[in-house]
Amino acid sequence: MANIDVRLLRYFIAVAETGHMTRAAQRLGIGQPPLSQQIRVLETQLGVTLFERLPRGMALTDAGQAFLADAYDVVRKLDQAVDDVRRVAAGIKGRLSVGFTSSAALHPFVPTVIRAFRSDAPSVSLMLDEASTGDLLDGLRAGHIDVAFIRQPQGNTGEVVVVPVLEEPMVLAVPSAHPLARTGRGGKPGKAGVPMTAIASEKLILYRRRAGQGLYDAIIAACHGAGFSPAIDQEAPRLLTTLSLVAAGLGVSVVPASLMRMQIEGIVYRPLSPPPRAPLCCAYREGVLAGPTARLLDHVRTVAAGQAA
């Protein structure tokens with residue numbers, strides 16, 4: 001099998017299209033003698049004569065005519081491959097898997113970043129997945145997920161870089177008939193902050209720690225900081241389940257303020273004093289960042305800077 005340099009194919013195509021060695025050399029920006037020599041090298045490698053040398057130009061032989069179509073195809077495919085790999089490296093083509101916890105997905109920051117990335121790189125195949133913090137970290141290490149939006153993980157996050165993006169206060173979610181749901185006249189939700197100590201005797205419903213380590217530990221730390229250990233009555237597998245249990249009157253919960261967008265019948269949200277803080281983080285694998293992953297992280301930084309301004 002001939003090991004043919006693609007450069008020789010480009011030379012061959014130029015001579016075939018111009019029908020003239022000198023004009024082809026001018027198009028290619030090389031001298032006519034070197035071009036003539038390279039065409040002979042190609043013919044020698046193929047073991048055929050590609051051109052008839054005429055007094056006033058070059059004409060393709062039957063073999064040359066047959067070879068031209070294949071030469072076009074090889075060069076086109078190579079150019080396409082080069083263009084594709086450059087587009088992937090630039091982050092505007094390829095595949096990107098983004099994971100998020102349920103609480104992170106409900107913060108406006110995450111859909112804002114996804115929208116900006118989708119508008120900037122519409123050719124990237126984007127896959128979204130919701131899972132617990134622990135599962136997302138495992139997915140990042142295994143290479144199944146490229147970027148994840150999580151709350152602050154606890155413990156060793158080996159092989160994964162976790163970058164804090166923002167913080168938001170946490171609020172108290174109580175059943176609408178609960179005494180903490182209203183103050184003042186007319187039973188309207190109170191605006192004043194509820195002291196953390198007010199929930200010391202309440203049945204607390206929390207999102208499971210495995211699913212949301214950062215949120216869980218922040219709530220427990222805030223309770224301890226207020227001088228009490230919370231009475232955890234139930235741990236729900238998902239945040240929406242947590243809120244459903246609150247709406248059913250089975251207890252109260254502490255959730256990120258962004259969940260106030262979830263206007264669930266039977267729940268009132270009250271500010272806490274002092275409020276626990278819920279961090280939102282962006283996580284990705286250690287190593288050289290390139291392609292769609294690097295492009296998405298650029299949007300993370302841009303949106304975070306815009307919100308901080």
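Before reading on, note that the structure itself is shown above.
Below you will find a few notes about this structure. Source: prediction; values computed, not measured.

**Here's the deal with the packing of aromatic side chains**
Then comes step 1: Within the structure shown, the criterion is met by three aromatic pairs.
Then comes step 2: Measuring from centroid to centroid gives 5.2 Å for Phe 12 and Phe 67, while their planes differ by 50 degrees, and the two rings are tilted. Pair noted here: Phe 12 is in helix H1 (residues 6-18) and Phe 67 is in helix H4 (residues 62-89), with a separation of 55 residues, a long-range link.
Then comes step 3: For Phe 12, a relative accessible area of 0% translates into the label buried.
Then comes step 4: Note on Phe 109 and Phe 149: the rings are 6.4 Å apart at their centroids and 70 degrees apart in plane angle, and the pair reads as edge-to-face. Taken together, the residues Phe 109 in helix H6 (residues 109-120) and Phe 149 in strand E5 (residues 147-150) connect sequence positions 40 residues apart.

**Thoughts on the pattern of salt bridges**
Then comes step 1: The tally for this structure, following the rule as stated, stands at twelve salt bridges.
Then comes step 2: The salt bridge partner of Asp 5 is Arg 7, with a shortest N-O separation of 3.3 Å.
Then comes step 3: Residues participating in the shared-partner salt-bridge network are Asp 73, Arg 76 and Lys 77.

**What to know about helix H3 (residues 32-46)**
Then comes step 1: Between its terminal C-alpha atoms H3 stretches 21 Å, which fits the 21 Å expected from 15 residues at 1.5 Å a residue.
Then comes step 2: Within the span of H3, buried status applies to Leu 35, Ser 36, Ile 39, Leu 42 and Glu 43. For H3, the angular spread of the buried residues around the axis is 115 degrees, confining them to a single face. Set apart from the buried face of H3 by more than 90 degrees, the exposed residues are Pro 33, Gln 37 and Thr 44.
Then comes step 3: At its buried positions, H3 is contacted by H1, helix H2 (21-28), strand E1 (51-54) and H4.
Then comes step 4: Downstream of H3 by a residue or two, Gly 47 has a phi angle that is positive, lying close to 75 degrees.

What counts and what doesn't
Position labels on residues start from 1 in each chain and follow its written sequence. Local features in a predicted model are, by the rule used here, given only for residues with pLDDT of at least 70; side-chain atom pairs are given and counted only at 80 or more, and totals for whole chains, interfaces and linings are based on all residues. In computing side-chain values, all of the structure's heavy atoms are included and hydrogens and water are not. Two rings from Phe, Tyr or Trp (for Trp, the six-membered ring) form a pair when their centres are within 6.5 Å of each other. A pair whose planes differ by under 30 degrees is stacked, one over 60 is edge-to-face, and the rest are tilted. We count a stretch as a helix when DSSP gives it H or I for four or more residues in a row; a strand needs E for two or more, and each element gets its number in order from the N terminus. Partly exposed describes any residue whose relative accessible area lies between the buried limit of under 20% and the exposed limit of over 50%, with all areas from a 1.4 Å probe on protein chains only and scaled to the type maximum. Every case where a carboxyl oxygen of Asp or Glu lies within 4 Å of a side-chain nitrogen of Lys or Arg is listed as a salt bridge. By definition here, a helix of n residues has an expected span of 1.5 Å times n minus one. The arc in question is traced by the directions running from the helix axis to the C-beta atoms. Only heavy atoms matter for contacts: two residues are in contact if any of them lie within 4.5 Å across the pair.

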